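Working through the structure, step by step
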Amino acid sequence: MKIDGAAYRTIWPAEDGRSVSIIDQTRLPHDFAVVSLTTLDEAAHAIRAMLVRGAPLIGATAAYGMALAMRADAGDAALERAHATLLATRPTAINLRWALDRVRAKLAPLPPAARAEAALIEADLIADEDVAINQAIGEHGAALIRAAAAEKGPDEPVNVLTHCNAGWLATVDWGTALAPIYVAFEEGIRLHVWVDETRPRNQGASLTAWELNHHGVPHTVVADNVGGHLMQHGMVDLCIVGTDRTTAGGDVCNKIGTYLKALAAHDNGVPFYVALPSPTIDWGIEDGVRDIPIEQRDGREVSEMTGRTADGRVETVRITPDGSPVANYAFDVTPARLVTGLITERGLCPASRAGLLTLFPEQR
Ligand SMILES: CSC[C@@H](O)[C@@H](O)C(=O)COP(=O)(O)O
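The residue numbering used here restarts from 1 in each chain and proceeds along that chain's sequence as written. Selection of residues for local features in this predicted model requires a pLDDT of at least 70, selection of side-chain atom pairs for listing and counting requires 80 or more, and totals for whole chains, interfaces and linings are taken over all residues. Excluding hydrogens and water, the side-chain values take into account all heavy atoms of the structure.

In the annotation of an unreviewed UniProt entry, the entry for the protein reads Methylthioribose-1-phosphate isomerase, and the organism field reads Azospirillum thermophilum. UniProt positions are given in the numbering used here, feature names are shortened, and annotations may be inferred rather than shown by experiment. UniProt, in its Sequence similarities (unreviewed entry) section for the protein, records the words "Belongs to the EIF-2B alpha/beta/delta subunits family. MtnA subfamily." Heading Pathway (unreviewed entry) of the UniProt record for the protein holds this comment: "Amino-acid biosynthesis; L-methionine biosynthesis via salvage pathway; L-methionine from S-methyl-5-thio-alpha-D-ribose 1-phosphate: step 1/6."

1. With respect to the nonpolar core
We define a nonpolar core as any set of buried Ala, Val, Leu, Ile, Met, Phe, Trp, Tyr and Cys residues linked to one another through side-chain atoms lying within 4.5 Å. Summary of the burial criterion: residues with accessible area below 20% of their type's maximum are buried, those above 50% are exposed, and those between are partly exposed, where the area comes from a 1.4 Å probe applied to protein chains only. Counting residues in hydrophobic clusters, the biggest one holds 42 residues, and the most contacted among them are I11, M70 and L86. Put simply, DSSP H or I for four residues or longer makes a helix, DSSP E for two residues or longer makes a strand, and each gets a number counted from the N terminus. Counting residues per element, the ones that place at least two in this core are β4 (20–23), α1 (40–48), α2 (55–72), α3 (76–87), α4 (94–107) and α5 (112–150). Residues in contact with I11, not counting those within four places in the same chain, are V20, S21, I22, L57, A60, T61, Y64 and V172. With 32 residues, the next largest nonpolar core counts L144, I145, W168 and L191 among its residues. Contact criterion: two residues are considered in contact whenever any of their non-hydrogen atoms come within 4.5 Å of each other.

2. Some words on the site of the ligand
The criterion for a residue being near a molecule or strand is simple. One of its heavy atoms has to lie within 4 Å of it. The immediate surroundings of the ligand are formed by 18 residues, with A55, R90, Q203, N254 and K255 found nearest. In this structure, an oxygen atom belonging to the ligand sits 2.9 Å away from a main-chain N or O atom of A55. K255 is positioned with one of its side-chain polar atoms (N or O) 2.7 Å from an oxygen atom of the ligand. Surface accessibility follows the Shrake-Rupley procedure with a 1.4 Å probe radius. Residue values consider only the protein chains on display as shielding. When the ligand is considered free in solution it has 420 Å² of accessible area, and contact with the protein chains removes 100% of it. Note on definitions: the grid is 1 Å and covers protein atoms alone; a cavity is a set of points where a 1.4 Å probe fits but cannot get out; a pocket is an open set with protein on both sides within 12 Å along at least five of seven lines; lining residues have an atom within 4 Å of a point. In this description, a molecule resides in a pocket or cavity if more than half of its atoms sit within 2 Å of the grid points defining it. With respect to the pocket detection grid, the ligand is positioned in the largest cavity. Elements that contribute at least two residues to the shell around the ligand include exactly α2 and β11 (252–255). We define a polar contact as two N or O atoms separated by no more than 3.5 Å, with the added condition that, inside protein, one atom must be a possible hydrogen donor and the other a possible acceptor, whereas residues neighbouring each other in sequence contribute only through side-chain atom pairs.

3. Some words on the sheet that holds strand β9 (residues 238–241)
If DSSP finds at least two bridges between two strands, the strands pair. Spatial strand order, β8-β7-β6-β9-β12-β17-β18: 7 strands in an open sheet with mixed pairing. Looking at strand neighbours, the two that pair on one side only are β8 (219–222) and β18 (347–349), the edges of this open sheet. Adjacent strand axes in the sheet meet at a mean angle of 25°, parallel and antiparallel pairs treated alike. Contacts from helix α6 (residues 179–186) reach β6 (158–162), β7 (191–196) and β9 within the one sheet, and its direction differs from that of β7 by about 155°. Axis geometry follows a simple rule: fit a line to the C-alpha atoms, using only the stretch in contact for helices, then measure angles between N-to-C directions, giving values from 0 to 180 degrees. The strands touched by helix α7 (residues 203–215) are β6, β7 and β8; relative to β7, the strand with the most contacts, the crossing angle is about 160°.

4. Considerations on the domain arrangement of the protein
Where each domain starts and ends follows an automatic or database-derived domain assignment. Examined at the domain level, the protein breaks down into domain 1 (2–129) and domain 2 (140–363). Relative to domain 2, the C-alpha centre of domain 1 lies at a distance of 24 Å. Counting from both sides, the interface comprises 31 residues of domain 1 and, opposite them, 33 residues of domain 2. Summed over both partners, the accessible area lost on bringing two parts together, with a 1.4 Å probe, is the buried area. Roughly 2,700 Å² is buried in total at the junction of domain 1 and domain 2, and carbon and sulfur atoms are behind 60% of that figure. If you sort the residues of domain 1 by the area they bury against domain 2, H30, T92 and I94 come out on top, with a joint share of 24%. Any Lys or Arg side-chain nitrogen located within 4 Å of an Asp or Glu carboxyl oxygen qualifies as a salt bridge. Summed over the shared surface of domain 1 and domain 2, the number is 1 salt bridge.

5. Details of empty space enclosed by the protein
Grid points are joined across faces, edges and corners, and a volume is the space filled by probe spheres set on the points. Going through the model one piece at a time under the given rule, you end up with 3 cavities of 30 Å³ or more. Space inside the largest cavity adds up to approximately 170 Å³. Around the largest cavity, the lining comprises 22 residues; the ones closest to its centre are R53, G54, A55, N165 and D244. For the lining of the largest cavity, the secondary structure elements donating two or more residues are α2 and β11. Counting residues domain by domain, the lining of the largest cavity receives three or more from each of domain 1 (2–129) and domain 2 (140–363). By volume, the second largest cavity amounts to about 80 Å³. Lining the second largest cavity are P56, G59, A60, N95, W98, I126, E129, D130, I133, P277 and P279. Residue contributions to the lining of the second largest cavity peak at 4 residues, all from α5. Residues of the lining of the second largest cavity, tallied by class, amount to 7 nonpolar, 2 polar and 2 charged. When residues are grouped by polarity, Ala, Val, Leu, Ile, Met, Phe, Trp, Tyr, Cys and Pro land in nonpolar, Asp, Glu, Lys and Arg in charged, and all others, Gly among them, in polar.

6. What about the UniProt feature "active site" (unreviewed entry) in the protein?
The feature "active site" (unreviewed entry), as given by UniProt, occupies D244 in the numbering adopted here. Mapped onto the secondary structure, D244 falls in the loop between β9 and β10 (245–247).

7. Describing the sheet that holds β11
Pairing within the open sheet is mixed, and its 4 strands lie in the order β13-β10-β11-β16. Because the sheet does not close on itself, it has two edges, and the strands there are β13 (281–282) and β16 (331–334). In this sheet, β13 lies alongside β10 in parallel orientation, the contact comprising 2 bridges. From the neighbouring strand, T247 faces β13, where its bridge partner is D282.

8. What to know about the UniProt feature "binding site: substrate" (unreviewed entry) in the protein
Look at the UniProt record and you will see "binding site: substrate" (unreviewed entry) annotated at R53, G54, A55, R90, Q203, N254 and K255. Set against the largest cavity, the annotated residues that line it come down to R53, G54, A55, R90, Q203, N254 and K255. With respect to the helices and strands, N254 occurs in strand β11. Here N254 falls in the buried class, since its relative accessible area comes to 5%. Ignoring sequence-local partners within four residues, the contact set of N254 consists of H163, V241, G242, T243, D244, F331 and D332. Residue placement: K255 occurs in strand β11. Sequence-distant contacts of K255, that is, excluding residues within four places in its chain, are made with R90, H163, C164, T198, Q203, D244, A330, F331 and D332.

Written out as structure tokens, the structure reads:
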């Protein structure tokens, strides 16, 4: 992704491996700030406080966090402590555990003196693989947009609705749900994206809109509850969202509100697709509603809002009455029966165990 002409990934290590740079996503869209992480605790904080977020980027950051930890202490106890500290940062995205387990498995058999370098190599591999996976998701998913465009008049755009941010900022590069949009846009297909604001943290309004703006993709930000109305009036051709954890049975956990969009899509005959890299599949569970842990975050994310004032200051204001309790469920689960199809790096498949196994037969 290019920002003002310069190519960026969302995370990159310094050449000497002593630090890792990230874009502080809590400051977007008002401020583009690069932050340097040098310790395990800084990496854990970046994930917990959502300076970085999005399932694939959480995984990549955790892998680099292991590498930073090994520079300070590469003993067996430190290896376990780094794994546990990073794993405790956010509970829902399975990419976090996947990346941590992968790095730990690589390091455990090595002598401590070799671990820091090996961890950095593994983190770089995870980051590079994420970019390749997302590019492939983009190619496979673009076929859906191409097919929708073929049904349209020459000047009619394909209208895609997306929720939260499953774009470049949620991954190392490209995005998952937004990758097909970028590929189709580069091909010259006319399209327009409905961007759900995605309360309470507004990843749609703040991050997806910022990304699409920088890329020149036509889009409109709508309040979270508008999608059903748009679908009733034929204004959405397809929905594409991301996911933090998809079960072996095809249930999909994603940002809170995704389930309601899937219900509205089902009721209105609008195709509802989920884009996912294979590290987001939790092969160990089948029933997402029962078994996926749903993160509950600080209530102030609901009772307060942050934005830029007319004179350019970024301020936080309270929007609920003093004393009103709030609840902040960060994710929900969309049952497989509401999902038209999954878009993976190996192609499209039905949201079911049988469907996933056609693409990933090694999981049988
Ligand atoms: C490719 S990212 C997929 C998901 O991680 C994304 O849709 C999402 O819900 C992100 O949630 P967040 O709480 O911002 O980390």
